[in-house]
Amino acid sequence: MGGYGAMHYLVNHPDQFSSIVTLIGLLDFPRSGLPEGQSYPVPEQRFGSDEEHWKSFNSLYKATELREKSIYLITGDSAFDRTMNENFSRRLNELEIKHQYDVLEGGHTFTVVRAGVQRLVPFLNKHFAAQEPQ
């Protein structure tokens, strides 16, 4: 599904999930105005051309739905999605929503995904262990 799709689905169905991890996800998307090299083309055939309407597809504007969730965001220091992840993490901080945010060395690449998986497994193990009835 990818980080964008997973986050979009969660904020629209928050009662179905207790945790989310995204690896190099397009989290503040669709949008314009990002720094050069830090954006992704918005497919207007899917989202339309009205930038105000794009907000209805951008999980950043529904981040309040992430309260009480276990959240881990991972990106790469040279990934084109880095600014999108920084924006999303900043928004969670503004809302005082606890989350973990890591920037790994590398771009929007499988190498970063592989390194991220090594981090997300312990994160999710800890989350699910805390969910088990005592």
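As shown above, the structure is provided for reference.
Owing to the predicted nature of the structure, the values given are computational and were not obtained by experimental measurement.

1. What to know about the sheet that holds strand 2 (residues 70-76)
Phase 1 of the analysis: Pairing within the open sheet is parallel, and its 3 strands lie in the order 1-2-3. Of all strands in the sheet, those with a lone pairing partner are strand 1 (19-23) and strand 3 (100-104), marking the two edges. Each strand axis lies, on average, 10 degrees off the axis of its neighbour in the sheet, ignoring direction.
Phase 2 of the analysis: Bridge count between strand 1 and strand 2: 5 bridges; the pairing is parallel. Bridge pairing in strand 2 places I20 opposite I71.
Phase 3 of the analysis: Set on the sheet, helix 1 (residues 2-12) makes contact with strand 1 and strand 2; between it and strand 1 the angle comes to about 155 degrees.

2. A look at the packing of aromatic side chains
Phase 1 of the analysis: Here the structure, examined in full by the defined rule, presents 8 aromatic pairs.
Phase 2 of the analysis: Taken together, a centroid distance of 5.9 Å and an interplanar angle of 85 degrees make the contact between Y9 and F17 edge-to-face.
Phase 3 of the analysis: Pairing F47 with F57 gives two aromatic rings, centres 5.1 Å apart and planes at 75 degrees, and the pair type is edge-to-face. Taken as a pair, F47 in helix 2 (residues 44-47) and F57 in the loop between helix 3 (51-54) and strand 2 lie far apart in primary sequence, 10 residues in all.

Criteria and thresholds
Numbers given for residues are sequential positions, taken from 1 along each chain in its written order. In keeping with the predicted nature of the model, local features appear solely for residues at pLDDT of at least 70, side-chain atom pairs appear and are counted solely at 80 or more, and the whole-chain, interface and lining totals rest on all residues. Heavy atoms from the whole structure form the basis of all side-chain values; hydrogens and water molecules are not counted. Here a strand pair is declared whenever DSSP counts at least two bridges between the two strands. Starting at the N terminus, helices and strands are each numbered in turn, a helix being any DSSP run of H or I of at least four residues and a strand any DSSP run of E of at least two. Note on geometry: axes are lines fitted to C-alpha atoms, helical ones only across the stretch in contact, with angles between N-to-C directions running from 0 to 180 degrees. Residue contacts are defined here by distance: any two heavy atoms, one from each residue, within 4.5 Å place the two residues in contact. Only centres within 6.5 Å qualify two rings of Phe, Tyr or Trp (six-membered ring in Trp) as a pair; their planes then separate them into stacked at under 30 degrees, edge-to-face at over 60, and tilted for everything else.

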